[in-house]
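# Observations on the three-dimensional arrangement
Listed here are the chains, written in short residue letters.
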Amino acid sequence: MSYIKGYRCTICGAEFKEGEVGLTCPHCGEKGILDVIYDYDELKKVLTKEYFSNNRNYSMWRYAPIMGIKEDHIDEMLRVGWTPLYHARNLEKELGVAKLYVKDDGLNPSGSSKDRASGVAVLKAVEAGAKVIACSSTGNAASSCACQAAHMGLKAVIFVPKRAPIGKATQICLYGATLVKVDGDYKAAFQLSKAAIDKYGWYNRNAAINPFMVEGKKTVSMEIAEQLNWEPTDWVAVSVGDGCTVGGVYKGFMEFHKLGLIKRIPKILGVQSTGCCPFVISSETGEPLKEADENTLADSIAVGIPRNPIKALNAIKFSNGAWVSVPDSDIIKAMGLLGRTEGIFGEPAGVAAIAGIKKAVELGIIKPNETVTTIVTGNGLKDPVNGQKAVSMPDPLEPNMDKLDEYLRQKGAI
Ligand SMILES: *Cc1c(COP(=O)(O)O)cnc(C)c1O
Ligand SMILES: [Zn+2]
């Protein structure tokens, strides 16, 4: 049974019933991104704490009743979600917060949080009887879409900017998708994909446009709430590109709050790179969002024109959160720090929020007595080129005991 009540336009607030609209608001056009709204009173009767403690589906599909999907095909899908949430005992000391949890979303099937959205997209495409699914992305939405499409026997056509890291581009090809490597930036890739989707009528997984992408993304917060025994931390920190992830993080908590499952919604810290931070600039100047350069090595958040601005801005505003930006040099340091202290390898955009927490503590935004969860949104093995900037790789060593002794002493290993 479907608990969807309808769709609400994030710009004009108009509401539509199932079947009345396509992917975006007919009054506001492409920018009129919709929110999926549910019959929360009915859902409240079903989604109780007891329901969840008896639910043995340890994947994001455990939230199916509040994801707007039919359940017919979920058993055929790859396992997405229910990623581990670790108490980061070592890293919390380094960052100076009362308690830190790290949610490792790099452990999803294609190695990033995007699997949550792509899973829903592919399921929706299957429900709709589509044969081809298409999207444009900085790399992770693309590789996750290709991954999940392959598993469900759909064809995928994927548009990425030419700078997409080799790990991600390799994934896309390996999963058998048609890769369109656009000679331009993400903006160019997005435009071309849009024209092609209009022309060929493929199922559209473009993050912001398709309201169901947030329905997948929000499951990360639902998991955090459950994993912390219904008492989420004071803050949740996450990096922001298009804004779908952070919008989902807010919606997950907001809906669990509505259902009476959690008492409060965590404050959300939105983190961008100083080389590409349209949201941070807008929050500092009070002016509307302006197009920014895409000048950061954190490719997944190199988004000059965010495609989901309203959901992102609302997530920070309604949660009483904050925006911060961090330089790429701090992002690289955070990669090494997370690896060294917790044994987790995140890609640059995956650890940017950790650099953001450090900065927010320094600025007094996060207080030393507050608790924080951060989401590592992507796996470091996707981008070994930038990973190498966080380490110093040793030269080959002569296989000789004296040389070894000298080397180990120099490294402080003995
Ligand atoms: C996509 C992505 C983000 C940001 O998500 P948006 O929805 O674009 O804001 C952050 N980190 C990683 C690893 C990503 O792939
Ligand atoms: Zn509208």
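Above this text sits the structure in question.
Report follows, based on the coordinates. These figures come from a predicted structure and were not determined experimentally. Note that residues are indexed from 1 along each chain, following the sequence as it is written. Here every chain gets a letter starting at A, and every ligand a number starting at 1, in the order they are written. In view of the model being predicted, local features appear only for residues whose pLDDT reaches at least 70, and side-chain atom pairs are presented and counted only at 80 or more, with totals across whole chains, interfaces and linings using the full set of residues. Computation of side-chain values covers all heavy atoms of the structure but excludes hydrogens and water.

## Topic: the coordination of the zinc ion (ligand 2)
Cut-off, in case you're wondering: Note that water is not among the atoms considered, so a metal site may appear incomplete; the donors listed are N, O and S atoms within 2.8 Å of the metal, with 3.2 Å applied to Na, K and Ca. Think of it this way: with four donors and all angles in the 85 to 135 degree range, the site is tetrahedral; with four or six donors, opposite ones beyond 155 degrees and the rest between 65 and 115, it is square planar or octahedral; otherwise it is irregular. Here's how the labels work: a residue is buried when its accessible area is under 20% of the maximum for its type, exposed when over 50%, partly exposed in between, all with a 1.4 Å probe on protein chains only.
Within the protein, Cys9 (SG), Cys12 (SG), Cys25 (SG) and Cys28 (SG) serve as the donor atoms for the zinc ion (ligand 2), at 2.3 to 2.4 Å. Its four donor atoms give the zinc ion (ligand 2) angles of 106 to 114° at the centre, a pattern that matches the tetrahedral case. Note on Cys25: relative accessible area 1%, which makes it buried. For Cys28, a relative accessible area of 24% gives the class partly exposed.

## Structural notes on the nonpolar core
Put simply, the test is: Each nonpolar core is a collection of buried residues, namely Ala, Val, Leu, Ile, Met, Phe, Trp, Tyr and Cys, held together in the definition by side-chain atoms within 4.5 Å. Strands are runs of DSSP state E lasting at least 2 residues, helices are runs of H or I lasting at least 4, and numbering of each runs from the N terminus. The criterion used for residue contact is that any of the two residues' heavy atoms lie within 4.5 Å.
Counting residues in hydrophobic clusters, the biggest one holds 79 residues, and the most contacted among them are Trp61, Ile66, Ile133, Ile158 and Phe256. Ranked by residue count, the leading element in this core is helix α4 (residues 114-127), at seven residues. Once residues within four sequence positions are removed from consideration, Phe256 is found in contact with Phe52, Tyr63, Met222, Ala225, Trp230, Leu261 and Ile262. Core analysis: the next-biggest nonpolar cluster, separate from the first, contains 34 residues, Val102, Val324, Met335 and Val376 among them.

## Things to note about the site of ligand 1
Worth spelling out the cut-off: For each residue, the test is whether any non-hydrogen atom lies within 4 Å of the molecule or strand; if one does, the residue is near. N or O atoms within 3.5 Å of each other form a polar contact, as long as, within protein, one can give a hydrogen and the other can take it, and as long as residues adjacent in sequence are counted only when both atoms are side-chain atoms. Each accessible area value is a Shrake-Rupley result obtained with a 1.4 Å probe; residue values ignore everything except the protein chains displayed when judging cover. Residues are grouped as follows: Ala, Val, Leu, Ile, Met, Phe, Trp, Tyr, Cys and Pro are nonpolar; Asp, Glu, Lys and Arg are charged; all remaining types, including Gly, are polar.
Around ligand 1 sit 16 residues in total, of which Lys114, Gly241, Gly243, Thr245 and Thr377 are the nearest. Within the backbone of Cys244, an N or O atom sits 3.0 Å from an oxygen atom of ligand 1. When isolated, ligand 1 has an accessible area of 380 Å², and the protein chains bury 97% of it. A class-by-class count of the residues in the shell around ligand 1 yields four nonpolar, eight polar and four charged.

## Concerning the pairing of strand β12 (residues 322-326)
Put simply, the test is: Strand pairing is defined by DSSP finding a minimum of two bridges between the two strands.
Of all five residues making up β12, five are buried, and the element is well covered by its neighbours. Because side chains alternate across β12, one face comprises the buried residues Ala322, Val324 and Val326, and the other comprises Trp323 and Ser325, equally buried. As defined by bridge partners, strand β11 (residues 267-273) adjoins β12 across five bridges and the pair is classed as parallel. Bridging across to β12, Gly270 finds its partner in Trp323.

## A look at the pattern of salt bridges
A side chain with one charge can pair with a side chain of the opposite charge if their charged atoms come near. Rule in force here: Here, a salt bridge means any side-chain nitrogen of Lys or Arg that lies within 4 Å of a carboxyl oxygen of Asp or Glu.
Within this structure, the stated rule accounts for 25 salt bridges. The shortest N-O distance in the salt bridge between Lys103 and Glu223 comes to 2.7 Å. Taken together, the positions of Lys103 in strand β5 (residues 99-104) and Glu223 in helix α9 (residues 219-227) put the pair 120 residues apart, joining distant regions of the chain. Residue Lys251 pairs with Glu255 through a salt bridge whose shortest N-O separation is 3.0 Å. Of this pair, Lys251 and Glu255 both sit in helix α10 (residues 244-258), separated by four residues, roughly a single helical turn. Of the two residues, Lys251 and Glu255, neither departs from the other in class, the shared state being buried. Because the salt bridges share partners, they merge into one network encompassing Lys103, Asp105, Arg116 and Glu223.

## A word on the packing of helix α5 (residues 140-151) against helix α6 (residues 166-174)
Quick note on the threshold: Angles here are taken between N-to-C directions and fall from 0 to 180 degrees, while the axes themselves are lines fitted to C-alpha atoms, restricted in helices to the stretch in contact. Note that the term roughly parallel is reserved for angles under 35 degrees, roughly antiparallel for angles over 145, roughly perpendicular for angles of 65 to 115, and oblique for everything else. Handedness of a helix crossing follows the sense of rotation of the near helix relative to the far helix, less than a right angle counterclockwise being left-handed and clockwise being right-handed.
Two numbers describe how α5 lies on α6: the axes approach to 8 Å, and their chain directions differ by 25°. If you check the angle between α5 and α6, you find them roughly parallel. Judged by the twist between their axes, the crossing of α5 over α6 is left-handed. Contact with α5, carried on its side by Asn140, Ala142, Ser143 and Ala146, involves Lys168, Gln171 and Ile172 of α6 and no other residues of that element.

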